[in-house]
Amino acid sequence: MRIINRKPSRLTALALGLLPFVATIIGYAIASHYRRLDNPADKLLPSLESIGQAFWRMAAIPDRRSGDLLLWVDTFDSLWRLGTGMAVSTLLALSLGIAIGFIPHVRSALAPYLATFSLIPPITILPILFITFGLGEMAKIALIVIGTAPVMIRSTAQAVLDIPREMIIKAETLGASVWQMTVRLVIPQVLPKMITALRMGLVPAWIFLISAEAIASTTGLGYRIFLVRRYLAMDVILPYVVWITLLAFLLDRALLLLSRRSFQWHHLGSDAL
Amino acid sequence: MTGSPDIKLSVRGLEKSYDRTPILERVELDVESGSFCTIVGASGCGKSTFLRMLLSQELPTRGEILLDGHALPDEPTPDRGIVFQKYSVFSHLTVSENLILASELERAPFAGRLFGVKRRQAREEISELLQRIGLSAAADKYPAQLSGGMQQRLAIAQALAKKPSILLLDEPFGALDPGIRLDMHELLLGLWNELGMTIFMVTHDIHEAFKLGTRLLVFDKIRHDPQVPEAYGATITYDLPLATPLTELTQGPEQIASAIGLPGQSDKTNTMTS
């Protein structure tokens, strides 16, 4: 049989999926082993064991100075910033995106402005934000919003435009007002795509979060890895990177699951990644 | 003529062009209340454009359309129901939700949604209708889970929810199998006999047009400029009364089909091309 027609069983698929992960860990362990043969105090590729110890220290042993469990404080603060920023972006995308997509006059007024605004590299605005809002939470959240909202608004507006015109006309012939069409047709049709936009938006959101924390912060996952960088503490940086990746992955899966549960009709056709 | 009581819809000097390219020109029509007008024509002749203007989805470039003697509103309204070939029903609502939507919109101006007892009431009101269109067992399924024929039955039932005096159908059965089409014809004729609305149906199946309609409208170009094929628009070239026992059919489907270059020799070739 041709290879394009051969489908892996569930178990094979799982094993194949795990393979690259396992290979990476083994590859790392081997490289680390040989580096430490030369220099037992090597900082660049610490052993898996010392990485585990460092992670345990961050997660379970109170910090000597502050008495906090650093990993959890960092995680909570970062997720709070990310969550607040993305919540604001989502609300903006829903309100402005639907207005732009549904009402031609609003579209004419805002679409060109938004297209221009979304081209500003958000990180260049960071100094402005620090000057305006100070070095507190506000500037970091604002960076996430500025970095993600324009794209999310645009993709929501596009999702509204993609609703088949037939459905909107049908709603009109059923006597729906603009408001009724918004709550019964446009929002339900757009929400699943909104979740996709949110999942896509989370990728740059993490970048902006870590960048803002790296530059000016006293807590947060990004702050921590840039802090311990000074001591070449790869045993802390590496598990933190894995931890951040895991958080991002879990968030993404949770959103996908939410979409499948809440918008069953949307997932009836072919399935995406 | 316009003031005559049984004239449901009149079209006067209708013209439609896109970017100065005329699609329709000099369309004149009076349709009596309760007629079933079938509209045929070669593809691109403007028959769907004509239907969209009857719906106010598009506005005439020139001329006017009068409904009960008054100019049509310039946006779609509940007095004219519509069934499209696809996307007619709401994909995010189940069959029963699609059917109760019209009454939800009417009774809940702000939320557009009924809850609790009222919702149950609305669902009970449609149970007979569900039976009628054979979708009782599929009441809680989404349109994507239904066959094409079931979706169109739902679309027709939904279009009639506001009791429109005019029902517009834009190639509603174009994507269906021949057997399913026959069932749909029966359903549609039954509803028409019962409710007595005026129907305009665009189709590319000339036999369907002859079978269902009381009046056949053929759209075609009468003026041709061989150098500039798009110089002139189409208009109504044949306007035949059908299916009344007193009128002798002077032209059958085959003649009409060959006159406008549509396939119409037999049902078989017709389904092949459709």
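This write-up is about the structure you can find in this document. (Residues numbered from 1 in each chain as written. Chains lettered and ligands numbered in written order. Predicted model: local features only at pLDDT ≥ 70, side-chain atom pairs only at ≥ 80, totals over all residues.)

A look at the overall build of chain A
For chain A, the count of helices and strands is ten helices and zero strands. From first element to last, N terminus to C terminus, chain A shows the α and β order α-α-α-α-α-α-α-α-α-α. For 273 residues, the compact-globule estimate of 2.2 N^0.38 gives 19 Å, and the C-alpha radius of gyration of chain A, at 23 Å, exceeds that figure by more than 25%. Summarising its shape, the C-alpha atoms of chain A cover approximately 75 × 65 × 30 Å along the three principal directions. Residue burial in chain A is summarised as follows: out of 273 residues, 34% are buried. By sequence separation, contacts in chain A at least 24 residues apart represent 69% of the contacts at least 6 residues apart. (Helix = DSSP H or I, 4+ residues; strand = E, 2+ residues; numbered from the N terminus. Rg over C-alpha atoms; globule rule 2.2 N^0.38 Å. Buried ≥ 20, exposed ≤ 12 C-beta atoms within 10 Å, placed from the backbone. Contact = placed C-beta atoms within 7 Å.)

Observations regarding the overall build of chain B
On a plain count of helices and strands, chain B comes out with nine helices and ten strands. Residue burial in chain B is summarised as follows: out of 274 residues, 43% are buried. By sequence separation, contacts in chain B at least 24 residues apart represent 68% of the contacts at least 6 residues apart.

What about the interface of chain B and chain A?
Accessible area lost upon the coming together of the parts is a frequently used measure of interface size. On the side of chain A, 19 residues touch chain B, which itself brings 25 residues to the contact. Taken together, the elements giving at least two residues each to the side of chain B that touches chain A come down to strand 6 (80-83) and helix 2 (95-107) of chain B. The element best represented in the side of chain B that touches chain A is helix 2 of chain B, accounting for four residues. Its residues placed into classes, the side of chain B that touches chain A shows twelve nonpolar, eight polar and five charged. (Nonpolar A, V, L, I, M, F, W, Y, C, P; charged D, E, K, R; others polar.)

Focus: the nonpolar core
Grouped together as the largest cluster of nonpolar side chains are 115 residues, with contacts concentrated most on Ile144(A), Ile39(B), Leu168(B) and Phe200(B). If one sorts the elements of this core by residue count, helix 8 (residues 178-215) of chain A sits on top with 14 residues. Not counting residues up to four positions away in its chain, the partners in contact with Ile39(B) are Lys47(B), Phe50(B), Leu51(B), Phe200(B), Met201(B), Val202(B), Leu217(B) and Phe219(B). (Core = buried A, V, L, I, M, F, W, Y, C linked by C-beta atoms within 7 Å.)

Here we look at helix 7 (residues 165-173) of chain A
Along an α-helix, a turn takes 3.6 residues, which lines up residues three or four apart on a common side. Along helix 7 of chain A, the positions that sit buried rather than exposed are Met167(A), Ile169(A), Lys170(A), Ala171(A), Glu172(A) and Thr173(A). Of the surrounding elements, those touching the buried residues of helix 7 of chain A are helix 8 of chain A together with strand 6 of chain B. After helix 7 of chain A finishes, the residue Gly175(A) shows a positive phi value of roughly 85°.

What about the environment of Arg260(A)?
All names here are of chain A. Along the chain, Arg260 turns up in helix 10 (residues 234-262). Note on Arg260: 14 C-beta atoms within 10 Å, which makes it partly exposed. Considered as a pair, Arg260 and Pro192 are 68 residues apart in the sequence and their alpha carbons are 8.7 Å apart.

Observations regarding unusual backbone geometry
Residues and elements named next belong to chain A. A positive phi angle, close to 50°, is found at Leu232, a residue other than glycine. On the secondary structure map, Leu232 appears in the loop between helix 9 (221-228) and helix 10. In this structure Leu232 comes out as exposed when scored by C-beta crowding, with 11 C-beta atoms within 10 Å.

Considerations on the pairing of strand 4 (residues 62-67) of chain B
Residue and element names in this part refer to chain B. Sheet topology note: the strand 1 (residues 7-18)/strand 4 ladder contains five bridges and is antiparallel. Counted as the bridge partner of Arg12 is Glu64 from strand 4. Inspection of the sheet shows strand 4 paired to strand 5 (residues 70-71) by two bridges, in the antiparallel sense. Residue pairing in the sheet places Leu67 in a bridge with His70 of strand 5. In this structure, the hairpin formed by strand 4 and strand 5 is closed by a connection of two residues, where Asp68 is found at a positive phi of approximately 55°. (Pairing = 2+ DSSP bridges.)

Details of the sheet that holds strand 5 of chain B
Residue and element names in this part refer to chain B. In spatial order, the strands read 2-1-4-5; together these four strands make up an open sheet with antiparallel pairing. The two strands at the open ends of the sheet, each matched to only one other strand, are strand 2 (21-32) and strand 5. With eight bridges connecting them, strand 1 and strand 2 associate as antiparallel partners. When the bridges of strand 2 are listed, Ser10 appears paired with Asp30. Relative to the sheet, helix 1 (residues 47-54) contacts strand 1, strand 2 and strand 4, its axis offset from that of strand 2 by approximately 60°. (Axes fitted to C-alpha atoms, helices over the stretch in contact; angles between N-to-C directions.)

Structural notes on the packing of helix 6 (residues 137-161) of chain A against helix 8 of chain A
Residues and elements named next belong to chain A. Taken N-terminus to C-terminus, the directions of helix 6 and helix 8 make an angle of 150°; their axes are 8 Å apart at the nearest point. Between helix 6 and helix 8, the interaxial angle falls into the category roughly antiparallel. By crossing handedness, the relation of helix 6 to helix 8 is classed as right-handed. Side by side, helix 6 and helix 8 meet where Ala139, Lys140, Leu143, Ile144, Gly147, Thr148, Val151, Met152, Ser155, Thr156, Ala159 and Val160 of the first sit next to Val186, Val190, Lys193, Met194, Ala197, Gly201, Pro204, Ala205, Phe208, Leu209, Ala212 and Glu213 of the second. Among the residues forming the contact of helix 6 with helix 8, the class breakdown is 16 nonpolar, five polar and three charged. (Parallel < 35°, antiparallel > 145°, perpendicular 65-115°, else oblique. Left-handed = near helix turned anticlockwise from the far one by under 90°.)

Section: the sheet that holds strand 10 (residues 235-241) of chain B
Sheet strands line up and pair through hydrogen bonds in the backbone, either parallel or antiparallel. Residues and elements named next belong to chain B. Read across the sheet, six strands follow the order 6-7-8-3-9-10 without closing on themselves; strand pairing throughout is mixed. What marks the edges here is a single partner per strand, and that holds for strand 6 and strand 10. Across the sheet, the mean angle from the axis of one strand to that of its neighbour is 20°, orientation sign disregarded. Alignment of strand 3 (residues 36-41) against strand 9 (residues 215-220), held across five bridges, turns out to be parallel.

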